[in-house]
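The primary structure of each chain is shown beneath.
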Amino acid sequence: MKIALAADHAGFEYKNYIFKYLSEKGHQIHDFGTYSSESCDYPDYIHPLSIAVENKEFDFGIIFCGSGEGVSITANKHAGIRCALCWQTDIARLTRQHNNSNIVAIPARFIAKELAQEIIDTFLSTEFDGGRHQTRINKISKW
């Protein structure tokens, strides 16, 4: 699987942890940054990742910041992105099944790395249910 990662300074440590974890599982990973824990502006990293996911250069994106909110809001500015902020595995499962989300946002300041790993595993392994859910997704960009 081809997976894109990005984070701001608050998510830097989690991004590196997940990069190593997913690489060891055999996934092809691209790191869009940031590359240090120094204060930075998350849109500088989230917009390029979102464009790449939107263009189907990657199967999924995983993004990190302190709350997960800023990166999620930024990613969702792109018409082809359905980014979900996940802090539990059930949310990760449902957003894939019902929303066919293609990016998951992780709140690094609020969950343990091990839980982030479980959420990401769930997100990546859950299939989209399609059917009535596709009809709803088709209406998202109509407004």
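Residues numbered from 1 in each chain as written. Predicted model: local features only at pLDDT ≥ 70, side-chain atom pairs only at ≥ 80, totals over all residues. Heavy atoms only, no water.

Visitor: Give a description of unusual backbone geometry that names residues and reports values.
Guide: Residues apart from glycine generally show negative phi values, whereas peptide bonds are mostly found in trans. Looking along the chain, the bond that leaves Gly-33 and enters Thr-34 is cis, with omega of 0°. Within the secondary structure, Thr-34 sits in the loop between strand S2 (28-31) and helix H2 (43-54). The residue Lys-56 is not glycine, and still its phi comes out positive at about 65°. Residue position: Lys-56 is located in the loop between H2 and strand S3 (60-65). Its identity is not glycine, yet Asn-100 carries a phi of approximately 50°, on the positive side. As for its position among the elements, Asn-100 is in the loop between helix H4 (89-99) and strand S5 (103-107). Exposure remark for Asn-100: the relative accessible area of 21% places this residue in the partly exposed category. (Helix = DSSP H or I, 4+ residues; strand = E, 2+ residues; numbered from the N terminus. Buried < 20%, exposed > 50% of the residue type's maximum accessible area, 1.4 Å probe, protein only.)

Visitor: Describe the sheet that holds S5, and please don't skip the residues or the numbers.
Guide: Overall, parallel pairing links the 5 strands, which are arranged S2-S1-S3-S5-S4 in an open sheet. Single-partner strands in this sheet number two, and they are S2 and strand S4 (83-85). With strand direction ignored, the average angle separating the axes of adjacent strands in the sheet is 20°. Seen against the sheet, helix H1 (residues 12-24) touches strand S1 (2-7), S2 and S3 and runs at an angle of roughly 165° to S1. The strands that helix H5 (residues 113-125) touches are S1, S3 and S5; relative to S5, the one it contacts most, it runs at about 170°. (Pairing = 2+ DSSP bridges. Axes fitted to C-alpha atoms, helices over the stretch in contact; angles between N-to-C directions. Contact = heavy atoms within 4.5 Å.)

Visitor: How would you explain the pairing of S3 if you had to name every residue and give the values?
Guide: When you tally the buried positions in S3, you get 6 out of 6 residues, the bulk of the element. Residues Phe-60, Ile-62 and Phe-64 of S3 are buried on one face, and the alternating residues Gly-61, Ile-63 and Cys-65, pointing to the opposite face, are buried as well. Summarising the sheet, S1 and S3 pair through 5 bridges and their orientation is parallel. Within the sheet, the bridge partner assigned to Ala-7 lies in S3 and is Phe-64. Sheet analysis places S3 next to S5, joined by 5 bridges and oriented parallel. Bridge pairing in S5 links Ile-62 to Val-104.

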